[in-house]
Amino acid sequence: MNRRSTTRLVALAAAAGIAVASLTACSAGGGDDGGGDGDITLTWWHNATSGPMPAVWEEVAAEFEEAHPGVTVEQTGYQNEELQRTLIPNALAAGDPPDLFQVWPGGELRGQVANDYLMPLDEAIPDTVSSVGATVNPWQVDGTTYGIPFTFGIEGFWYNTELFEQAGIDETPTTLDELVDAVGALREAGITPIAVGAGDKWPAAHWWYQFALHSCSPEVLQAAESDLDFTDDCWVEAGEQLEEFLGTEPFQEGFLGTPAQTGAGSSAGLMANGQAAMELMGHWNSGQIGGLTADGEVPAFLGWFPFPGIEGAAGDPTASLGGGDGFACSAEAPPECAELLAYIMSEDVQARFAASGSGIPTVSAAVASLEDPNLTAVAEGLADSSFVQIWLDTAYGTTVGNAMNEGIVNLFGGAGTPADIVKKMQDAAATL
Amino acid sequence: MTSVIESVGPAVSAGSTPARHPRPGAGRARKRAEIVLFVGPALLLFLGFVILPVLLAGVYSFYNLPQSFQWDDLADPERFVGFANYARALEDPAFIRSVGNNFLILSLSLLIQGPLAIGIALLLNRRLRGRGVLRLLIFVPYVLAEVIAGLSWKLLLQPQGGVNALLEALGLGAFTQNWLADPNIALWTMFAILTWKYVGFAILLMLAGLQGVPEELAEAAAIDGASWWQVQRHITIPLLGPTIRIWAFLSIIGALQLFDMVWVTTRGGPLNATSTMATYMVEKGQFGGQPGFGSAVAVILFLISLVVALVYQRFALRRDLAGSITRGVR
């Protein structure tokens, strides 16, 4: 093909391209936002895909439709990580977000607020905002509320009461030294003391978070969240404490490749089958363990105790690490979105959520509806906490969180030092 | 819009009705219009969904972008970092490790999977009882979805998983390993899974290639007194050459872009022991919230693949491809 004909071909192709583009532009005017005549469709994305929750949310949507003629609620459940990491960020960036969707607090929320993606809620539904008390703080930016948690809980040890008895441990550890003693007693009895899903990185990282929480003062923790400043010595100390704890060989064999929640060989599976005595995990873990037992029931031997304090450390011994799931409205959502959110947060719906055993409700009046004794224990632990720090990786945002978790897993694998973790975090923060 | 109709219209009508002013170029113009009509939409899709993203990745790679970036971030001079993302990747031991892993998998594939596939194909090409069943069994892993195969192996190879349990049951407890959890052996385990998955495809290719080797040559050689092995060594394998070289090409590209099996089973861990350029890119770009850095890694991966592919085409495939795929190869 000679040069002239090539250019002509390109010109023709370009012309055809413009034609196609203008055609699509013509058809795009049709619009799907309805509006005006009172017919409104609210889209709602949540993370309930299994267990009792999909049915509860469906019921809630139907009830809201009934109470608000002309409003249709389209609710869809998506797998949690996919929803938070892929679907919502892409929908927001594409300018076509769902009206009501789940938002993780901390770094993710701050990023979305900075891009004007979220609706401020304080004036629209003030009673709902105040109904959840201090748990709403992580969903606020500069004093403005952008999301409201419907569930919130803290991390602690899920343990096997029978194996503890077998190893002659009468009381759950309340200090780090007692925890180390318990690990030793379990080892001596031929029991794997602690299961950890380091293959998924974050479950291993939570160990360092706990040490950081107990080594750093609340002021340092709060400053770190806003300035991403990790120069205080307590951050390196946390790694040193973890390194020392790793020296006691508390974890199961091959923990670097163990997943947290998939299959019988995962850390939750080891708990479910009585092959490990403890697991440090969030408030959702009894459901996970229950799903991995032979009969699908939460085992009777399961118990819960909070992470012990560390003597002589600067951190508050009754501080806890936790997190929750919150809902937020997109900035362009109709005002009915906030009403739907208020309905979801109503005492009645919260009580039904609690009774389903899916998590700990945030409206305190609904806590009484909890039926699972382990969730009640976690709720009591939450109530006893002087201060709740949300998961550090969500608090610091994806970039720092990812680098931090990587550094911590390296320490677990003996391929890094406590100082490396802090350096990785600082390097990642510097790129923001 | 109307200008397009004018430019396309006459060319089309020139064909359907007798042209009033017959021109020698009319036929050719019609042909070109047809080409534009039929190739245009596909070309637009290709440009929009393949070429444009590649170019954009090149652009992004020069910026330090936040996780959910907007177009105005590209206009922010403070976000422009030049080649810093590339330098950062090339200085990161984890990335160097990933590149090394890719090339180790590549070499192992060529050195182990190739001979294995040729050997099995030669065996399966003989008259053999149960040949059909054997062929089917060998090809099944390749048909299985990557994610399903990966998850199954992940579960089987856990420290408390099926493989170790089987070894214990057979009295081989001494051979139990943390297959995917031990940084020293995880990559070898990964290679074993990949071989299990892909050797069936290689065998299938080789078997197809063997169909093109004329039986008369082997018969003639046998009459001359050549043994079975001599026939394979001096006649069959040399004639299988083109198939082997094409398979090697596919294998090389596959090894360089290896992603899904690793992602499903180990996600690059433990301690980067099984990470590849592609998993590193997704880990940093998507999950590490650094799309600019991830784009730089993508460009490096693209360049390495391109160079390897071109070199291979130039030197190994030159005869096989003469006149077929590219006109540039002589």
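Residues numbered from 1 in each chain as written. Chains lettered and ligands numbered in written order. Predicted model: local features only at pLDDT ≥ 70, side-chain atom pairs only at ≥ 80, totals over all residues. Heavy atoms only, no water.

The name recorded for chain B in an unreviewed UniProt entry is Raffinose/stachyose/melibiose transport system permease protein, from Agromyces hippuratus. Recorded in UniProt for chain B, the comment headed Sequence similarities (unreviewed entry) runs: "Belongs to the binding-protein-dependent transport system permease family." Note on chain B: under the UniProt heading Subcellular location (unreviewed entry), the record states "Cell membrane". (UniProt positions renumbered as here; feature names shortened; annotations may be inferred.)

An unreviewed UniProt entry lists chain A under the name Raffinose/stachyose/melibiose transport system substrate-binding protein, with Agromyces hippuratus given as the organism.

Caption draft 1: Just the overall build of chain B, in detail. Counting its secondary structure elements, chain B contains 15 helices and zero strands. Relative to its 330 residues, chain B shows a buried fraction of 39%. Long-range pairs, those at least 24 residues apart, make up 66% of the contacts in chain B between residues at least 6 apart in sequence. (Helix = DSSP H or I, 4+ residues; strand = E, 2+ residues; numbered from the N terminus. Buried < 20%, exposed > 50% of the residue type's maximum accessible area, 1.4 Å probe, protein only. Contact = heavy atoms within 4.5 Å.)

Caption draft 2: Structural view of the domain arrangement of chain B. Once the domains are mapped, chain B shows domain 1 (32-78) and domain 2 (92-289). For domain 1 of chain B and domain 2 of chain B, the distance between their C-alpha centres works out to 35 Å. (Domains from an automatic or database assignment.)

Caption draft 3: Focus on the packing of aromatic side chains. Residue and element names in this part refer to chain B. Evaluated as defined, the whole model comprises 45 aromatic pairs over all chains. Ring geometry for phenylalanine 139 versus tyrosine 142: centroids 5.5 Å apart, planes at 40 degrees, classification tilted. Placement of the pair is phenylalanine 139 and tyrosine 142 together in helix H5 (residues 131-143), with a separation of three residues, close to one helical turn. Here phenylalanine 139 falls in the partly exposed class, since its relative accessible area comes to 22%. The exposure class assigned to tyrosine 142 is partly exposed, which follows from its relative accessible area of 29%. The ring of phenylalanine 293 has arginine 88 lying over it, and the distance from NZ or CZ to the ring centre is 3.9 Å. (Phe/Tyr/Trp six-rings, centres within 6.5 Å; stacked < 30°, edge-to-face > 60°. Lys NZ or Arg CZ within 6 Å of the ring centre and 35° of its normal.)

Caption draft 4: How the structure looks around unusual backbone geometry. All names here are of chain A. Even without being glycine, aspartate 116 reaches a positive phi, approximately 60 degrees. Structurally, aspartate 116 is set in the loop between helix H4 (107-114) and helix H5 (126-131). Judged by relative accessible area, aspartate 116 falls into the exposed class, the value being 60%.

Caption draft 5: Region of the structure containing the nonpolar core. Of all hydrophobic cores here, the largest spans 101 residues; its most connected members are Trp207, Trp208, Trp235, Met278, Tyr396 and Phe412 of chain A. At eight residues, the largest contribution of residues to this core is made by helix H8 (residues 202-215) of chain A. Residue contributions to this core reach at least three from each of two domains, namely domain 1 (14-153 + 323-372) and domain 2 (155-320 + 391-430) of chain A. Setting aside residues up to four positions removed in sequence, tryptophan 235 of chain A forms contacts with Trp208, Ala212, Cys216, Val220, Leu221, Ala224, Asp229, Phe230, Leu392, Tyr396 and Val422 of chain A. Within the second largest apolar cluster, 50 residues are counted, among which are Ile118, Leu194, Leu240 and Ala278 of chain B. (Core = buried A, V, L, I, M, F, W, Y, C linked by side-chain atoms within 4.5 Å.)

Caption draft 6: Region of interest: the side chain of glutamine 113 of chain B. All names here are of chain B. Inspection of the secondary structure puts glutamine 113 in helix H4 (residues 93-124). Its relative accessible area of 5% is what places glutamine 113 among the buried residues. A polar contact of 3.2 Å, which involves the side chain of glutamine 113, links it to the side chain of threonine 195. Not counting residues up to four positions away in its chain, the partners in contact with glutamine 113 are Leu108, Phe191, Leu194, Thr195, Tyr198, Val199, Trp247 and Ser251. (Polar contact = N/O pair within 3.5 Å; in protein donor to acceptor, adjacent residues only side chain to side chain.)

Caption draft 7: Quick peek at the sheet that holds strand E9 (residues 278-281) of chain A. The sheet built from four strands is open, its strands ordered E8-E9-E7-E10 (chain A) with mixed pairing. Taken across any chain shown, the strands that pair with only one partner, and hence form the sheet edges, are strand E8 (194-195) and strand E10 (302-306) of chain A. (Pairing = 2+ DSSP bridges.)

Caption draft 8: A look at the packing of helix H8 (residues 186-211) of chain B against helix H11 (residues 241-256) of chain B. Residue and element names in this part refer to chain B. Contact geometry for H8 and H11: axes closest at 9 Å, N-to-C directions at 160 degrees. With respect to H11, the element H8 is oriented roughly antiparallel. Considering how the two elements wind past one another, H8 and H11 form a crossing that is right-handed. On H11, the residues that touch Phe201, Ala202, Leu205, Met206 and Gly209 of H8 are Thr243, Ile244, Trp247 and Leu250. When the residues that make up the contact of H8 with H11 are grouped by side-chain class, the tally is seven nonpolar, two polar and no charged. (Axes fitted to C-alpha atoms, helices over the stretch in contact; angles between N-to-C directions. Parallel < 35°, antiparallel > 145°, perpendicular 65-115°, else oblique. Left-handed = near helix turned anticlockwise from the far one by under 90°. Nonpolar A, V, L, I, M, F, W, Y, C, P; charged D, E, K, R; others polar.)

Caption draft 9: Structural view of the domain arrangement of chain A. Residue and element names in this part refer to chain A. When cut into domains, chain A gives domain 1 (14-153 + 323-372) and domain 2 (155-320 + 391-430). Here domain 1 and domain 2 have C-alpha centroids that lie 31 Å from each other. Contact with domain 1, which involves 13 residues of that partner, is made by 10 residues of domain 2. Note on domain 1 versus domain 2: buried area summed over both sides is about 750 Å², and carbon and sulfur give 47% of it. Among the residues domain 1 hides against domain 2, the three largest losses belong to Arg110, Gly153 and Gly323. Together they make up 40% of the total. Our count for the domain 1 to domain 2 interface comes out at six residue pairs in polar contact (both at pLDDT 80 or more). (Buried area = accessible area lost by both parts, 1.4 Å probe.)

Caption draft 10: Representation of the pattern of salt bridges. All names here are of chain A. Going through the model one piece at a time under the given rule, you end up with 10 salt bridges over all chains. Ionic pairing is found between aspartate 427 and lysine 423, a salt bridge with its closest N-O pair at 2.9 Å. Here the residue aspartate 427 and the residue lysine 423 both occupy positions in helix H18 (residues 418-430), the gap between them amounting to four residues, near one helical turn. For lysine 423, a relative accessible area of 47% puts it in the partly exposed group. Within the structure, one salt-bridge network assembled from shared partners comprises Glu59, Glu63, Asp348 and Arg352. (Salt bridge = Lys/Arg side-chain N within 4 Å of Asp/Glu carboxyl O.)

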